[in-house]
Amino acid sequence: MEWSWIMPSFSKQFGMKTVDEDEDANFDNRKRARLSVEEEETKHEQTVKCTEKKANNFGGDRGIQKLWCDKYKPKNVDDLVINRKKVLEVENWLKCVWRNPHCKTLLITGPPGSGKLCTLTAVCRSLGFSYIEWTNPLGITKDSSQELKFQEFLLQASKYSSLITGESDKRIVLIKDIPSFLLENPSVFHEIIIKHTRPKNISPIVFIISCVDVVRDLFPDDVKFQLNLASINFNPVTETAMVKALEKVVSLERKIDRSFSVPSKDEMLDVSRTCDGDLRSALLKLQFGLEGGGNSDVFKIPMLDSNNKRTRIKKTTSKKHGVKQIVSEIDKDKKLDFFHLVGRVLYPKKEVNSNDPKKFTFVHSPGEIVDSFLTEPNKLVNILHENYLERFTNIKDVCSASELLENSDILLSDYSGRDTLTEYALSVTVRGLMTTNNHPTETKWKPLSKSRIYTTECNKKQNINNLRTLFPNVQSADDALLDVVPYLSKLNLDLPPEKQAILKSLITYNN
Amino acid sequence: MEKFIQVIRDKVKVFSQLTASAVRPDGRPCPPYKIVILDEADSMTHAAQAALRRTMEKESRSTRFCLICNYVSCIIDPLTSRCSKFRFKPLGEGMMHSRLELICREENVKCEQAALKCLVETSGGDLRRAITCLQSCARLKGSEGITEQDVFEVTGVIPNHWIVGLLKICQQSDFQKLEAYVEELMCEAYSASRVLEQLHEIVIKSTDLSDHHKSVICEKIALCSYRLQDGASEFLELLDLCSTIMKSNLKI
Amino acid sequence: MSLWVDKYRPTNLSKLDYHKTQAAYLKNLVQQGDFPHLLFYGPSGAGKKTRIMALLRELYGSGVERLRMEHMNFQTPSNKKIEIMTVSSNYHIEVNPSDAGIYDRIVIMDLIKGAAQTHQLDASGQRDFKVILLTEVDRLTKDAQHALRRTMEKYVQTCRLILCANSTSQVIPAIRSRCLGVRVPAPTHAEIIAVLQNVCKKEGVPLPDELADRIAVKCNRNLRRAILMCEACKVQQFPLTKEQEIAEPDWQVYLRDTASLVLQEQTPKKLLEVRTRLYELIVHGIPTDIIFKGLLKELIKNCDLQLKTAVIELAATHEHRLHRGSKVIFYLESFIAKFMALYLQFMEDTIGGMF
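Remember, it's a predicted structure, so these values are computed and weren't measured experimentally.

**Description of the overall build of chain C**
Inference 1: In terms of regular secondary structure, chain C is built from 14 helices and seven strands.
Inference 2: C-alpha atoms of chain C, sized along the principal axes, occupy 85 × 55 × 35 Å.
Inference 3: Put simply, 70% of the contacts in chain C that link residues at least 6 apart link residues at least 24 apart.
Inference 4: Per element, the accessible surface of chain C, about 14,900 Å² overall, is 51% carbon and sulfur.

Right, here's the structure in full:
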């Protein structure tokens, strides 16, 4: 199909790509792909994807390898390795969408790489639906225009049919990328969506969101109820499913490239174990673990030893590493558990110098601990503060420790010097707590408590806001809190129940 | 202030590039250059001053600059070297006094001599401040005359008896009395920094205290003053200072 | 909800119960032609707000008492929307800019600019300016105060500012020099008793002198608190007796109990308990300098002068450091820890000295 006469009504505005630029089409040999895609197109539907991302458009350069996770995207439902039940759920929703004018919105949640988008697109294809996807426009920084564009998109996508196909019946609107402005102002998002879904003849909207916090902010219970939101939650991909997928991909790759050497099943199991149910990351790991996606020389892949532990590679015939080593190296980057690091500060292990019993070195270097937290210093300082007291028995030690904590807070509060001072602040905290406890408690490891600093601040703000509803015309919160509120309750005034509740919360102190 | 460098670049530059005629609108001759007056020039950033320097050089034919500042050390050297300096000294007390008297006469305001003296002293050579104080007092009192007490109120000076009383209590050893006194002082709403300033004056000039004593007290005053600048609690700082004075008294 | 505090608040400068000479001066000020910017300062409960409202009434008449509450929206350069509540009449607008937190500068600039540019609609008004009342000015960031100074100069024709603060030390000198300072000290013991008697008489509640005296002592020269205490007493027991118990604010009791915990035992374990209590106080919005002051008062009760001085020094040091940091609990805890160590040492020395 040629597009030169008609500019699709959606393409320029939302930066949509026409079928020509569709990633599926481009990756293989162009002609081949276009034929196959065209075949599909003429048969079923118009899959017009609107995306500005050309990241995956490798432009046919043979030298650059295509990412497997894009290359082998499932084209139909049978290709999916996702749990059949989930797939059925999605299918059922799509099927009932036309029967029931009320269920117009679907929320798909799940960890990244669990196959949400793939499943949806595959099911769409099989049922003959087309979908139109929203992408955040790049380069626009003004928030209000993001919001406007989003609204325009919703309006046009669901109400107006494409000029090309004239078909608007079987179309769904797909939203994965939420504009940052709406993320920060969920109430605006709610308004837009609720307003939009009120009329009955709009196309159904599917939201795909991986992040739990975003789901919580953007779809609180009342909004869910108002929208009549159906929701499907995807679980992380199981090991067996992942191995199945890896095997499929590997076999497909082998078909294209005869010289590709297939990794063993155990290796694929290895990869899938380290990926936390994220199929995309597993594919990437495998692809790069085989260095160059398989077009490399033959190499011997060492076997796992009998108890399935990851052992060091005993011999390799080539300089190139095996899957296992890459996998284990990738995992080495994985940071040591947060709580382990905190434990190293609170329960410092000392190696006493045999020559001079007064001198000692720490088994775990404080410097390493400091380095691990340079990007989130407050997290460490807060949790250390919350838990350090339980380890001390001598109040004088506590004096020194608490003074060092004060110093570190002062250093961290200096905004303009934060580049250099963060390290010092962390160093003061970590080394301070490791060295000042000269009389530690005998008890073994106790579970760590969460720091109360931020929750206290939030609750305080909440309380002050509540105070405003009680006294809208008192301008000084201090005066009200210190003088009026304590006596108000003693006056037995006739206040409405919400105000009574607020008042009560403001004056009760837990002992 | 942030956009000052922009102002320099745009407005000042453009203005200075215009040529000036040598004849006034009324036909009489006048100097053929324009004048740009920059007030509060010491609050300009160095970058803005550097930008100004180039404009000054380039347009010196048609434009002359006049910078007004409080501290010449805040103006960068290249600028000061291009300017001829006129230093204004603080006004003498006698001159200020007579000026204030003149204003009182013109405005029909009755003012005690003690009040005038106080005005002159508290203004610290700043005539504008003295005149504003005078005007405020006049407004408040209406047709009544201005007394020294009124000047104290308007300028925020703490009546001497409070400060002297404070020192006296510190000489004794009754802590409860001291605490009560500090509370009372706080209830009067006087600024703690002012208390420290006036206390400092009295301590330095005092003949009752030994030098060692004075040095201990002054050091503490400095510390408390610094802390107050950061926003510390006035009550705690005053209490800290007073208890230190009390303690040092007892040691001797 | 009509509290005695609001019911019997004087609305006229001539009806004020104390600081009457000052009231007369303020009246003179109004009668003169040019009205300056004003800065009212004084401790809490001294009557600043009352006087400001009375002054406004003197300026504009009773129309100024018809108040309406509005929400004003401002937008920051980073496109964040701030909403601030304002109370206004036809002649004035009252705002607490420190509600906006770090964006108080925007609130000030936009608000004053907006207010100054809208022309006075009241044809009968003899005044050609509006009044903008800013409360808690000592809480403003220094940026906001500088912005205020510039705006004050620019728009002095159409609006006058009345600023209200607890203390002038946090107000920059530039603003202090542009305003006429009105110092409102706390009422004296006798003045408080007089007001209490007056209020009770109007309410038809006979107030025994001893009770009035006790209330005046307990209220810390804070008239608002005194009247509230009196009203609470009446609700508790009517008719009032001279011996009856005067309720204390809950936070004060809690603070005192916290201090006694510290005096009981000086170990890290106890400190942990104290920490929880401190968090409670913080959550309830009690300002940290009040916490420090309250704790200090209780802790030094049983100390000798040497120890008292040391503890006061500790309190002053840590309270000051708090202003340079951001996590308030660190400083409170550190102060308590240091006190515990000092106190422990003191006890050991005194007991050791006995043998």
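**Section: the overall build of chain B**
Inference 1: A tally of helices and strands in chain B yields twelve helices and two strands.
Inference 2: Its helices and strands in sequence order give chain B the pattern α-β-α-β-α-α-α-α-α-α-α-α-α-α, from N to C terminus.
Inference 3: Since a compact globule built from 252 residues should have a radius of gyration of about 18 Å, the 26 Å found for chain B marks it as more spread out than a globular shape.
Inference 4: Classification of the 252 residues of chain B by burial places 43% in the buried group.
Inference 5: Within the structure as shown, chain B displays about 14,500 Å² of accessible surface, and the carbon and sulfur contribution to it stands at 54%.
Inference 6: Positive and negative side-chain charges in chain B, numbering 33 and 34 respectively, have mean positions lying 12 Å apart.

**Quick word on the environment of Leu 314 of chain C**
All names here are of chain C.
Inference 1: Turning to its location among the elements, Leu 314 is positioned in helix α13 (residues 305-322).
Inference 2: Given the relative accessible area of 14%, Leu 314 is considered buried.
Inference 3: Along the sequence, Leu 314 and Tyr 25 sit 289 residues apart, while their C-alpha atoms lie 43 Å from each other.
Inference 4: Those residues in contact with Leu 314 that lie beyond four places of it in its chain are Phe 335, Lys 338, Phe 339 and Leu 342.

**Points about the domain arrangement of chain C**
Inference 1: Looking at chain C, the domain boundaries give domain 1 (4-183), domain 2 (189-236) and domain 3 (250-350).
Inference 2: A straight line from the C-alpha centre of domain 2 of chain C to that of domain 3 of chain C covers 32 Å.

**Quick word on the domain arrangement of chain B**
Often, the extent of an interface is quoted as the loss of accessible area on bringing the components together.
Inference 1: Per the domain assignment, the segments of chain B are domain 1 (2-80), domain 2 (93-155) and domain 3 (160-251).
Inference 2: A C-alpha centroid distance of 30 Å is found between domain 2 of chain B and domain 3 of chain B.

Cut-offs and rules
Residues numbered from 1 in each chain as written. Chains lettered and ligands numbered in written order. Predicted model: local features only at pLDDT ≥ 70, side-chain atom pairs only at ≥ 80, totals over all residues. Heavy atoms only, no water. Helix = DSSP H or I, 4+ residues; strand = E, 2+ residues; numbered from the N terminus. Contact = heavy atoms within 4.5 Å. Areas by Shrake-Rupley, 256 points an atom, 1.4 Å probe, with all protein chains shown as cover. Rg over C-alpha atoms; globule rule 2.2 N^0.38 Å. Buried < 20%, exposed > 50% of the residue type's maximum accessible area, 1.4 Å probe, protein only. Lys, Arg positive; Asp, Glu negative; His and termini not counted. Charge placed at Lys NZ, Arg CZ, Asp CG, Glu CD. Domains from an automatic or database assignment.

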